[in-house]
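Residues per chain, in single letters:
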Amino acid sequence: MARPSYARRMPGFLHSLTRIGSYRSLLHAAAGAAVAVPVTPFAFAAAVSVEVDSRVRALIALLALAVLMGLLGLLGPVRRLGIGLANTLLGTRVPAPEGRPDVASRLRSGLWLALHTAASGVLFTLLAFLGLGLLVPAVWLTGGQDTISLVWDGVPLGAWTIPFGLAVAFAALALTAAATLGLRTAATALLGPSDAERAALAERRAAVLAQRNRLARELHDSIGHTLTTSTIQAAAAADLVEADPAQVRRALGTIEEASRSALEDLDHVLGLLREEPATKEPARTLTEVDVLAVRARDAGLDVRLTVTGPVAALPAAVSREGYRIVQEGLTNALRHAGPGGVDVRVEAGPERLAIAVVNALPGVGPRPGRRGLAGLAERVEALRGELDAGPDGERWRLRATIPLRAGA
(Lines give C-alpha, C1' and ligand atoms only; values in the text may rest on other atoms or scores of the structure.)
Protein backbone atom coordinates (compact mmCIF):
# COMPACT_ATOMS: atom_id res chain seq x y z
CA MET A 1 0.00 0.00 0.00
CA ALA A 2 1.38 3.40 -0.96
CA ARG A 3 2.29 5.73 1.87
CA PRO A 4 0.33 8.99 2.14
CA SER A 5 1.97 12.02 0.62
CA TYR A 6 2.40 13.70 3.99
CA ALA A 7 4.34 10.66 5.22
CA ARG A 8 6.74 10.97 2.30
CA ARG A 9 7.23 14.68 2.89
CA MET A 10 7.74 14.53 6.67
CA PRO A 11 11.32 13.11 6.66
CA GLY A 12 12.41 15.86 4.27
CA PHE A 13 10.79 18.47 6.49
CA LEU A 14 12.43 17.07 9.62
CA HIS A 15 15.77 17.09 7.78
CA SER A 16 15.25 20.72 6.90
CA LEU A 17 15.00 21.58 10.59
CA THR A 18 18.71 20.76 10.96
CA ARG A 19 19.81 22.93 8.03
CA ILE A 20 20.78 26.52 8.60
CA GLY A 21 19.49 27.46 5.16
CA SER A 22 15.97 26.49 6.24
CA TYR A 23 15.78 29.62 8.40
CA ARG A 24 16.54 32.12 5.67
CA SER A 25 12.89 33.14 5.77
CA LEU A 26 13.76 35.34 8.76
CA LEU A 27 16.11 37.44 6.65
CA HIS A 28 13.67 37.30 3.75
CA ALA A 29 10.84 38.46 6.02
CA ALA A 30 13.02 41.29 7.31
CA ALA A 31 13.71 42.35 3.73
CA GLY A 32 9.98 42.31 3.01
CA ALA A 33 9.30 44.43 6.08
CA ALA A 34 11.99 46.89 4.96
CA VAL A 35 10.33 47.22 1.54
CA ALA A 36 6.93 47.76 3.20
CA VAL A 37 8.14 50.51 5.57
CA PRO A 38 7.92 53.43 3.11
CA VAL A 39 4.50 52.24 1.89
CA THR A 40 2.91 51.65 5.32
CA PRO A 41 2.17 55.35 6.11
CA PHE A 42 0.07 55.64 2.96
CA ALA A 43 -1.91 52.55 3.93
CA PHE A 44 -2.62 53.89 7.43
CA ALA A 45 -3.51 57.28 5.98
CA ALA A 46 -6.14 55.61 3.81
CA ALA A 47 -7.55 53.80 6.89
CA VAL A 48 -7.63 56.89 9.10
CA SER A 49 -9.70 58.77 6.54
CA VAL A 50 -12.59 56.28 7.07
CA GLU A 51 -14.91 56.75 10.07
CA VAL A 52 -15.32 53.15 11.27
CA ASP A 53 -14.52 50.97 14.25
CA SER A 54 -10.85 50.71 15.15
CA ARG A 55 -10.73 46.98 14.35
CA VAL A 56 -12.30 47.56 10.95
CA ARG A 57 -9.88 50.43 10.42
CA ALA A 58 -6.94 48.12 11.14
CA LEU A 59 -8.29 45.62 8.64
CA ILE A 60 -8.64 48.38 6.04
CA ALA A 61 -5.05 49.44 6.69
CA LEU A 62 -3.82 45.90 6.13
CA LEU A 63 -5.84 45.53 2.93
CA ALA A 64 -4.59 48.91 1.68
CA LEU A 65 -1.01 47.86 2.43
CA ALA A 66 -1.50 44.62 0.47
CA VAL A 67 -2.96 46.51 -2.50
CA LEU A 68 -0.16 49.08 -2.50
CA MET A 69 2.51 46.38 -2.28
CA GLY A 70 0.81 44.53 -5.13
CA LEU A 71 0.87 47.66 -7.28
CA LEU A 72 4.51 48.21 -6.39
CA GLY A 73 5.29 44.66 -7.48
CA LEU A 74 4.05 45.44 -11.01
CA LEU A 75 7.23 47.44 -11.64
CA GLY A 76 9.98 45.61 -13.54
CA PRO A 77 12.84 46.67 -11.22
CA VAL A 78 10.87 45.46 -8.19
CA ARG A 79 10.39 42.08 -9.82
CA ARG A 80 14.12 41.80 -10.47
CA LEU A 81 14.77 42.75 -6.84
CA GLY A 82 12.32 40.09 -5.67
CA ILE A 83 13.99 37.43 -7.80
CA GLY A 84 17.41 38.42 -6.47
CA LEU A 85 16.23 38.25 -2.84
CA ALA A 86 14.49 34.90 -3.37
CA ASN A 87 17.54 33.34 -5.03
CA THR A 88 19.91 34.69 -2.37
CA LEU A 89 17.87 34.24 0.80
CA LEU A 90 15.51 31.37 -0.04
CA GLY A 91 17.79 29.32 -2.27
CA THR A 92 15.52 29.39 -5.32
CA ARG A 93 16.87 29.19 -8.86
CA VAL A 94 14.57 31.57 -10.68
CA PRO A 95 16.27 32.83 -13.87
CA ALA A 96 16.91 36.55 -14.06
CA PRO A 97 14.38 38.30 -16.32
CA GLU A 98 15.53 39.60 -19.68
CA GLY A 99 13.82 42.46 -21.43
CA ARG A 100 10.45 43.95 -20.47
CA PRO A 101 8.18 41.59 -18.50
CA ASP A 102 4.79 40.78 -19.98
CA VAL A 103 1.46 41.48 -18.29
CA ALA A 104 1.19 37.99 -16.78
CA SER A 105 4.65 38.26 -15.21
CA ARG A 106 3.86 41.70 -13.77
CA LEU A 107 0.62 40.48 -12.20
CA ARG A 108 2.33 37.45 -10.67
CA SER A 109 5.15 39.58 -9.27
CA GLY A 110 2.60 41.96 -7.78
CA LEU A 111 0.83 39.03 -6.12
CA TRP A 112 4.20 37.76 -4.89
CA LEU A 113 5.13 41.07 -3.22
CA ALA A 114 1.74 41.26 -1.51
CA LEU A 115 2.14 37.66 -0.32
CA HIS A 116 5.72 38.33 0.77
CA THR A 117 4.60 41.27 2.91
CA ALA A 118 1.67 39.36 4.44
CA ALA A 119 3.81 36.30 5.18
CA SER A 120 6.47 38.47 6.80
CA GLY A 121 3.90 40.08 9.12
CA VAL A 122 2.34 36.75 10.08
CA LEU A 123 5.71 35.11 10.67
CA PHE A 124 7.04 37.85 12.93
CA THR A 125 3.73 38.01 14.86
CA LEU A 126 3.72 34.27 15.54
CA LEU A 127 7.39 34.30 16.48
CA ALA A 128 6.69 37.14 18.90
CA PHE A 129 4.03 35.07 20.68
CA LEU A 130 6.34 32.08 20.76
CA GLY A 131 9.04 34.33 22.18
CA LEU A 132 6.72 35.20 25.08
CA GLY A 133 6.34 31.47 25.71
CA LEU A 134 10.11 31.20 26.20
CA LEU A 135 9.81 33.61 29.12
CA VAL A 136 7.94 30.99 31.17
CA PRO A 137 10.93 28.74 31.98
CA ALA A 138 13.13 31.83 32.33
CA VAL A 139 10.82 33.22 35.06
CA TRP A 140 10.84 29.92 36.96
CA LEU A 141 14.62 29.39 36.66
CA THR A 142 15.36 32.88 37.94
CA GLY A 143 12.88 32.58 40.81
CA GLY A 144 11.05 35.67 39.79
CA GLN A 145 7.58 34.46 40.90
CA ASP A 146 5.67 31.32 41.86
CA THR A 147 2.75 31.57 39.45
CA ILE A 148 2.14 32.95 35.98
CA SER A 149 -0.95 33.79 33.96
CA LEU A 150 -1.33 31.77 30.78
CA VAL A 151 -4.81 30.71 29.65
CA TRP A 152 -6.04 31.19 33.18
CA ASP A 153 -4.66 33.03 36.20
CA GLY A 154 -2.46 31.57 38.84
CA VAL A 155 -0.76 28.66 37.07
CA PRO A 156 1.97 27.41 39.43
CA LEU A 157 5.46 27.35 37.97
CA GLY A 158 7.60 24.25 38.19
CA ALA A 159 9.75 21.77 36.33
CA TRP A 160 7.09 21.50 33.62
CA THR A 161 8.27 24.84 32.26
CA ILE A 162 11.48 23.23 30.91
CA PRO A 163 9.79 20.86 28.40
CA PHE A 164 7.28 23.63 27.69
CA GLY A 165 10.13 25.97 26.73
CA LEU A 166 11.74 23.27 24.58
CA ALA A 167 8.42 22.66 22.81
CA VAL A 168 8.03 26.39 22.17
CA ALA A 169 11.58 26.60 20.78
CA PHE A 170 10.93 23.60 18.51
CA ALA A 171 7.66 25.20 17.35
CA ALA A 172 9.54 28.40 16.48
CA LEU A 173 12.15 26.45 14.49
CA ALA A 174 9.46 24.42 12.72
CA LEU A 175 7.47 27.55 11.90
CA THR A 176 10.52 29.27 10.43
CA ALA A 177 11.56 26.22 8.39
CA ALA A 178 7.99 25.77 7.12
CA ALA A 179 7.87 29.45 6.16
CA THR A 180 11.10 29.05 4.18
CA LEU A 181 9.76 26.04 2.30
CA GLY A 182 6.44 27.75 1.61
CA LEU A 183 8.01 31.00 0.45
CA ARG A 184 10.49 29.10 -1.71
CA THR A 185 7.64 27.26 -3.45
CA ALA A 186 5.60 30.43 -3.89
CA ALA A 187 8.58 32.40 -5.21
CA THR A 188 9.33 29.75 -7.81
CA ALA A 189 5.69 29.73 -8.97
CA LEU A 190 5.08 33.50 -8.95
CA LEU A 191 8.48 34.90 -9.91
CA GLY A 192 9.39 32.21 -12.43
CA PRO A 193 9.17 32.93 -16.17
CA SER A 194 5.79 32.97 -17.89
CA ASP A 195 4.97 30.76 -20.87
CA ALA A 196 5.96 33.55 -23.25
CA GLU A 197 9.24 34.10 -21.41
CA ARG A 198 9.96 30.36 -21.41
CA ALA A 199 9.39 30.27 -25.15
CA ALA A 200 11.71 33.26 -25.64
CA LEU A 201 14.32 31.63 -23.38
CA ALA A 202 14.09 28.40 -25.37
CA GLU A 203 14.59 30.37 -28.60
CA ARG A 204 17.64 32.09 -27.16
CA ARG A 205 19.09 28.76 -26.05
CA ALA A 206 18.44 27.30 -29.49
CA ALA A 207 20.18 30.30 -31.06
CA VAL A 208 23.17 29.80 -28.74
CA LEU A 209 23.38 26.11 -29.63
CA ALA A 210 23.14 26.94 -33.32
CA GLN A 211 25.92 29.49 -32.91
CA ARG A 212 28.09 26.95 -31.11
CA ASN A 213 27.49 24.40 -33.86
CA ARG A 214 28.42 26.99 -36.45
CA LEU A 215 31.62 27.80 -34.59
CA ALA A 216 32.43 24.11 -34.32
CA ARG A 217 32.04 23.79 -38.09
CA GLU A 218 34.26 26.83 -38.61
CA LEU A 219 36.99 25.30 -36.46
CA HIS A 220 36.66 21.93 -38.16
CA ASP A 221 36.81 23.39 -41.66
CA SER A 222 39.64 25.84 -41.08
CA ILE A 223 41.85 24.18 -38.46
CA GLY A 224 41.23 20.67 -39.80
CA HIS A 225 42.20 21.68 -43.33
CA THR A 226 45.32 23.48 -42.10
CA LEU A 227 46.47 20.60 -39.90
CA THR A 228 45.93 18.08 -42.68
CA THR A 229 47.86 20.16 -45.20
CA SER A 230 50.64 21.02 -42.78
CA THR A 231 51.05 17.42 -41.63
CA ILE A 232 51.40 16.12 -45.18
CA GLN A 233 53.81 18.89 -46.16
CA ALA A 234 55.91 18.43 -43.04
CA ALA A 235 56.21 14.70 -43.76
CA ALA A 236 57.21 15.42 -47.37
CA ALA A 237 59.73 18.06 -46.27
CA ALA A 238 61.35 15.60 -43.88
CA ASP A 239 61.96 13.21 -46.78
CA LEU A 240 63.40 15.98 -49.02
CA VAL A 241 65.50 17.86 -46.49
CA GLU A 242 68.72 16.47 -47.99
CA ALA A 243 67.73 15.96 -51.63
CA ASP A 244 65.74 19.14 -52.41
CA PRO A 245 66.23 22.00 -49.91
CA ALA A 246 64.38 24.42 -52.19
CA GLN A 247 61.25 22.27 -52.10
CA VAL A 248 61.57 22.06 -48.32
CA ARG A 249 61.68 25.85 -48.07
CA ARG A 250 58.55 26.13 -50.22
CA ALA A 251 56.78 23.57 -48.04
CA LEU A 252 57.72 25.42 -44.86
CA GLY A 253 56.52 28.68 -46.38
CA THR A 254 53.18 27.10 -47.22
CA ILE A 255 52.89 25.71 -43.71
CA GLU A 256 53.62 29.17 -42.28
CA GLU A 257 51.01 30.85 -44.48
CA ALA A 258 48.36 28.23 -43.74
CA SER A 259 49.06 28.38 -40.00
CA ARG A 260 48.78 32.16 -39.99
CA SER A 261 45.43 31.94 -41.76
CA ALA A 262 44.22 29.31 -39.29
CA LEU A 263 45.28 31.50 -36.36
CA GLU A 264 43.15 34.33 -37.75
CA ASP A 265 40.17 31.99 -37.95
CA LEU A 266 40.85 30.70 -34.44
CA ASP A 267 41.12 34.24 -33.07
CA HIS A 268 37.79 35.10 -34.65
CA VAL A 269 36.03 32.04 -33.25
CA LEU A 270 37.45 32.51 -29.75
CA GLY A 271 36.37 36.14 -29.83
CA LEU A 272 32.81 35.02 -30.57
CA LEU A 273 32.94 32.47 -27.74
CA ARG A 274 34.12 35.18 -25.35
CA GLU A 275 31.46 37.53 -26.73
CA GLU A 276 34.24 39.94 -27.57
CA PRO A 277 35.11 41.40 -30.96
CA ALA A 278 37.96 39.55 -32.62
CA THR A 279 41.01 41.53 -33.65
CA LYS A 280 40.38 40.60 -37.27
CA GLU A 281 37.41 38.86 -38.80
CA PRO A 282 38.50 36.55 -41.62
CA ALA A 283 36.47 36.75 -44.81
CA ARG A 284 37.37 33.64 -46.84
CA THR A 285 35.45 33.66 -50.12
CA LEU A 286 35.62 31.88 -53.44
CA THR A 287 37.85 34.64 -54.76
CA GLU A 288 40.60 32.89 -52.75
CA VAL A 289 39.82 29.38 -53.97
CA ASP A 290 43.10 29.33 -55.91
CA VAL A 291 44.94 29.64 -52.57
CA LEU A 292 43.31 26.40 -51.45
CA ALA A 293 44.43 24.73 -54.66
CA VAL A 294 48.01 25.96 -54.24
CA ARG A 295 48.20 24.67 -50.67
CA ALA A 296 46.84 21.29 -51.70
CA ARG A 297 49.34 21.09 -54.59
CA ASP A 298 52.18 21.97 -52.22
CA ALA A 299 51.00 19.10 -50.03
CA GLY A 300 51.46 16.74 -52.99
CA LEU A 301 47.91 16.61 -54.34
CA ASP A 302 47.39 17.10 -58.07
CA VAL A 303 44.59 19.68 -58.16
CA ARG A 304 42.96 20.72 -61.44
CA LEU A 305 40.93 23.84 -60.69
CA THR A 306 38.39 25.33 -63.07
CA VAL A 307 36.55 28.53 -62.19
CA THR A 308 33.92 30.00 -64.50
CA GLY A 309 31.55 32.90 -64.14
CA PRO A 310 31.64 36.09 -62.04
CA VAL A 311 32.76 34.57 -58.73
CA ALA A 312 33.59 37.99 -57.29
CA ALA A 313 29.96 39.10 -57.79
CA LEU A 314 28.49 36.28 -55.68
CA PRO A 315 26.59 37.21 -52.50
CA ALA A 316 28.94 37.26 -49.51
CA ALA A 317 27.17 34.44 -47.64
CA VAL A 318 27.13 32.17 -50.71
CA SER A 319 30.78 32.90 -51.51
CA ARG A 320 31.89 32.15 -47.92
CA GLU A 321 30.03 28.86 -47.80
CA GLY A 322 31.33 27.94 -51.25
CA TYR A 323 34.89 28.47 -50.02
CA ARG A 324 34.23 26.12 -47.09
CA ILE A 325 32.77 23.48 -49.40
CA VAL A 326 35.88 23.47 -51.60
CA GLN A 327 38.10 23.49 -48.49
CA GLU A 328 36.32 20.48 -46.99
CA GLY A 329 36.45 18.63 -50.32
CA LEU A 330 40.20 19.16 -50.67
CA THR A 331 40.82 18.22 -47.02
CA ASN A 332 39.05 14.90 -47.48
CA ALA A 333 40.86 14.35 -50.79
CA LEU A 334 44.21 14.87 -49.05
CA ARG A 335 43.28 12.17 -46.57
CA HIS A 336 41.52 9.62 -48.76
CA ALA A 337 42.08 10.28 -52.48
CA GLY A 338 43.59 7.63 -54.69
CA PRO A 339 46.00 8.27 -57.58
CA GLY A 340 44.90 10.55 -60.38
CA GLY A 341 44.49 13.87 -58.62
CA VAL A 342 41.43 15.96 -57.89
CA ASP A 343 39.16 17.91 -60.22
CA VAL A 344 37.61 21.03 -58.69
CA ARG A 345 35.04 22.95 -60.67
CA VAL A 346 33.40 26.19 -59.52
CA GLU A 347 30.71 27.62 -61.76
CA ALA A 348 29.02 30.91 -60.86
CA GLY A 349 25.93 31.21 -63.04
CA PRO A 350 23.23 33.88 -63.14
CA GLU A 351 20.86 31.81 -60.98
CA ARG A 352 22.98 29.35 -59.00
CA LEU A 353 26.45 28.44 -57.80
CA ALA A 354 27.61 24.92 -58.65
CA ILE A 355 30.63 23.29 -57.03
CA ALA A 356 32.05 19.85 -57.76
CA VAL A 357 35.07 18.13 -56.19
CA VAL A 358 35.89 14.76 -57.75
CA ASN A 359 38.78 12.43 -56.95
CA ALA A 360 39.68 8.78 -57.44
CA LEU A 361 38.97 6.37 -54.62
CA PRO A 362 41.79 4.31 -53.06
CA GLY A 363 42.43 1.24 -55.13
CA VAL A 364 42.91 -1.11 -52.16
CA GLY A 365 42.16 -1.16 -48.48
CA PRO A 366 39.18 0.23 -46.59
CA ARG A 367 37.34 3.30 -47.74
CA PRO A 368 36.71 5.32 -44.60
CA GLY A 369 33.83 7.74 -44.32
CA ARG A 370 34.54 11.39 -44.90
CA ARG A 371 34.27 13.88 -42.09
CA GLY A 372 32.52 17.22 -42.17
CA LEU A 373 29.78 16.20 -44.62
CA ALA A 374 27.03 16.75 -42.04
CA GLY A 375 28.28 20.28 -41.43
CA LEU A 376 28.44 20.94 -45.17
CA ALA A 377 24.89 19.68 -45.57
CA GLU A 378 23.71 22.10 -42.89
CA ARG A 379 25.53 25.01 -44.56
CA VAL A 380 24.04 24.24 -47.97
CA GLU A 381 20.56 23.59 -46.57
CA ALA A 382 20.61 26.95 -44.76
CA LEU A 383 21.06 28.60 -48.18
CA ARG A 384 18.24 26.48 -49.69
CA GLY A 385 20.74 24.50 -51.71
CA GLU A 386 21.41 20.81 -52.33
CA LEU A 387 24.43 18.67 -51.46
CA ASP A 388 25.28 15.28 -52.90
CA ALA A 389 28.35 13.36 -51.74
CA GLY A 390 29.36 9.75 -52.16
CA PRO A 391 31.16 7.18 -54.31
CA ASP A 392 30.37 7.09 -58.01
CA GLY A 393 32.03 4.04 -59.45
CA GLU A 394 35.76 4.36 -58.78
CA ARG A 395 35.54 8.06 -57.99
CA TRP A 396 34.26 10.13 -55.10
CA ARG A 397 32.02 13.04 -56.04
CA LEU A 398 31.06 16.02 -53.91
CA ARG A 399 28.54 18.25 -55.60
CA ALA A 400 26.75 21.30 -54.19
CA THR A 401 24.24 23.62 -55.82
CA ILE A 402 23.22 26.88 -54.15
CA PRO A 403 20.52 29.11 -55.67
CA LEU A 404 21.27 32.83 -55.98
CA ARG A 405 17.64 33.93 -56.36
CA ALA A 406 14.46 33.12 -54.45
CA GLY A 407 12.89 31.22 -57.32
CA ALA A 408 16.05 29.56 -58.64
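Residues numbered from 1 in each chain as written. Predicted model: local features only at pLDDT ≥ 70, side-chain atom pairs only at ≥ 80, totals over all residues. Heavy atoms only, no water.

Describe the overall build of the protein chain, naming the residues involved and giving the relevant values.
Each helix and strand in the protein chain was counted, giving 13 helices and seven strands. The long-range share in the protein chain, meaning contacts at least 24 apart out of those at least 6 apart in sequence, stands at 70%. For the protein chain, the exposed area adds up to about 23000 Å²; of that, 64% sits on carbon and sulfur atoms. (Helix = DSSP H or I, 4+ residues; strand = E, 2+ residues; numbered from the N terminus. Contact = heavy atoms within 4.5 Å. Areas by Shrake-Rupley, 256 points an atom, 1.4 Å probe, with all protein chains shown as cover.)

Describe in detail the packing of aromatic side chains, supporting the description with residues and values.
One pair of aromatic rings is described through two measures. These are the centre distance and the angle between the planes. Applying the stated criterion across every chain, the model contains one aromatic pair. Pairing Trp160 with Phe164 gives two aromatic rings, centres 5.8 Å apart and planes at 65°, and the pair type is edge-to-face. By relative accessible area, which is 30% here, Phe164 ends up partly exposed. (Phe/Tyr/Trp six-rings, centres within 6.5 Å; stacked < 30°, edge-to-face > 60°. Buried < 20%, exposed > 50% of the residue type's maximum accessible area, 1.4 Å probe, protein only.)

Describe the packing of helix H6 (residues 103-133) against helix H7 (residues 135-142), and please don't skip the residues or the numbers.
Contact geometry of H6 with H7 gives a least axis separation of 4 Å together with a crossing angle of 20°. The orientation of H6 with respect to H7, classified from their angle, is roughly parallel. Contacts from Gly131, Leu132 and Gly133 in H6 reach Leu135, Val136 and Pro137 in H7. Split into classes, the residues belonging to the contact of H6 with H7 amount to four nonpolar, two polar and no charged. (Axes fitted to C-alpha atoms, helices over the stretch in contact; angles between N-to-C directions. Parallel < 35°, antiparallel > 145°, perpendicular 65-115°, else oblique. Nonpolar A, V, L, I, M, F, W, Y, C, P; charged D, E, K, R; others polar.)

Pulling in residues and values, what's your account of the nonpolar core?
Leu286, Leu301, Ile325, Val326, Leu330, Val344 and Leu353 are the most contacted members of the largest nonpolar core, which totals 32 residues. It is helix H12 (residues 316-336) that provides the largest number of residues to this core, a total of seven residues. Ignoring sequence-local partners within four residues, the contact set of Leu286 consists of Val311, Leu314, Ser319, Gly322, Tyr323, Val326, Val346, Leu353 and Ile355. Residues Ile83, Val94, Trp112 and Leu183 belong to the second largest nonpolar core, which totals ten residues. (Core = buried A, V, L, I, M, F, W, Y, C linked by side-chain atoms within 4.5 Å.)

Talk me through the confidence of the model for the protein chain; I want residue IDs and the actual numbers.
Put simply, the protein chain has an average pLDDT of 77, and 77% of its residues get 70 or more. Within the model, the stretch residues 1-9 combines pLDDT values under 50 with one contact to residues more than four positions away or in other chains. (pLDDT = per-residue confidence, 0-100.)

Requested: an account of the UniProt feature "transmembrane region" (unreviewed entry) in the protein chain, with residues and values cited.
As recorded in UniProt, the feature "transmembrane region" (unreviewed entry) lies at residues 55-75, 110-140 and 160-183. Counting secondary structure, residues 55-75 comes out at 86% helix and 0% strand; the distance between its end C-alpha atoms is 32 Å. Between the C-alpha atoms that bound residues 160-183 the distance is 35 Å, and the span itself is 96% helix and 0% strand. (UniProt positions renumbered as here; feature names shortened; annotations may be inferred.)

Could you give an account of the packing of H7 against helix H8 (residues 161-191), naming the residues involved and the relevant values?
Put simply, H7 and H8 touch, their axes get as near as 8 Å, and they point 150° apart. Classified by the angle between their axes, H7 and H8 sit roughly antiparallel to one another. Between H7 and H8 lies a crossing whose hand is left-handed. Residues Val136, Pro137, Trp140 and Leu141 of H7 lie in contact with H8, whose contacting residues are Thr161, Ile162, Phe164 and Gly165. (Left-handed = near helix turned anticlockwise from the far one by under 90°.)

Describe in detail the environment of Ala293, supporting the description with residues and values.
Considering the arrangement of structural elements, one finds Ala293 in helix H11 (residues 289-298). Note on Ala293: relative accessible area 3%, which makes it buried. A C-alpha to C-alpha distance of 9.8 Å links Ala293 and Val342, two positions 49 residues apart in sequence.

Report on the layout of surface pockets, specifying residues and quantitative values.
In this model, the second largest pocket occupies a volume close to 330 Å³. Taken together, 18 residues line the second largest pocket, and the ones lying closest to its centre are Leu62, Leu65, Thr117, Ala118 and Gly121. At the level of secondary structure, the elements contributing two or more residues to the lining of the second largest pocket comprise helix H2 (25-36), helix H3 (40-48), helix H4 (54-72) and H6. Sort the elements by how many residues they give to the lining of the second largest pocket and H6 lands first, with seven residues. (1 Å grid on protein atoms, 1.4 Å probe; cavity = no way out; pocket = protein on both sides within 12 Å on 5 of 7 lines; lining within 4 Å. Points joined across faces, edges and corners; volume = space filled by probe spheres on them.)

An account of the pattern of salt bridges is needed here, citing residue identities and associated values.
As enumerated under the stated definition, the model contains five salt bridges in all. Residues Asp302 and Arg304 are paired through a salt bridge, measuring 3.0 Å at the closest nitrogen-oxygen approach. With a relative accessible area of 32%, Arg304 lands in the partly exposed category. (Salt bridge = Lys/Arg side-chain N within 4 Å of Asp/Glu carboxyl O.)

Describe the side chain of Arg79, naming the residues involved and giving the relevant values.
Looking at where Arg79 falls in the secondary structure, it is placed in helix H5 (residues 76-90). When residues no more than four places from it in sequence are discounted, the contact partners of Arg79 are Pro97, Pro101, Ser105, Arg108, Ser109, Leu191, Gly192, Pro193 and Glu197.

For the sheet that holds strand E6 (residues 386-392), give the residues involved together with the corresponding values.
Overall, mixed pairing links the five strands, which are arranged E3-E4-E5-E7-E6 in an open sheet. Each having just a single partner strand, strand E3 (303-308) and E6 make up the two edges of the open sheet. If you compare each strand with its neighbour and ignore which way they point, the axes differ by 5° on average. As paired elements, E3 and strand E4 (residues 342-348) share six bridges and run parallel to each other. Across the sheet, residue Arg304 finds its bridge partner in E4, namely Asp343. (Pairing = 2+ DSSP bridges.)

An account of unusual backbone geometry is needed here, citing residue identities and associated values.
Even without being a glycine, Arg384 presents a positive backbone phi close to 65°. With respect to the helices, strands and loops of the structure, Arg384 is situated in the loop between helix H13 (373-382) and E6.

Quick one: what's the story with the pairing of E4, residue by residue and with numbers?
The alternating pattern of E4 places Val342, Val344, Val346 and Ala348 on a buried face, while none of Asp343, Arg345 and Glu347, on the opposite face, is buried. Viewed along the sheet, the connection from E3 through H12 into E4 turns out left-handed. The antiparallel hairpin formed by E4 and strand E5 (residues 352-360) contains three residues in its connecting segment. (Right-handed = clockwise from strand over helix to strand, strands pointing away.)

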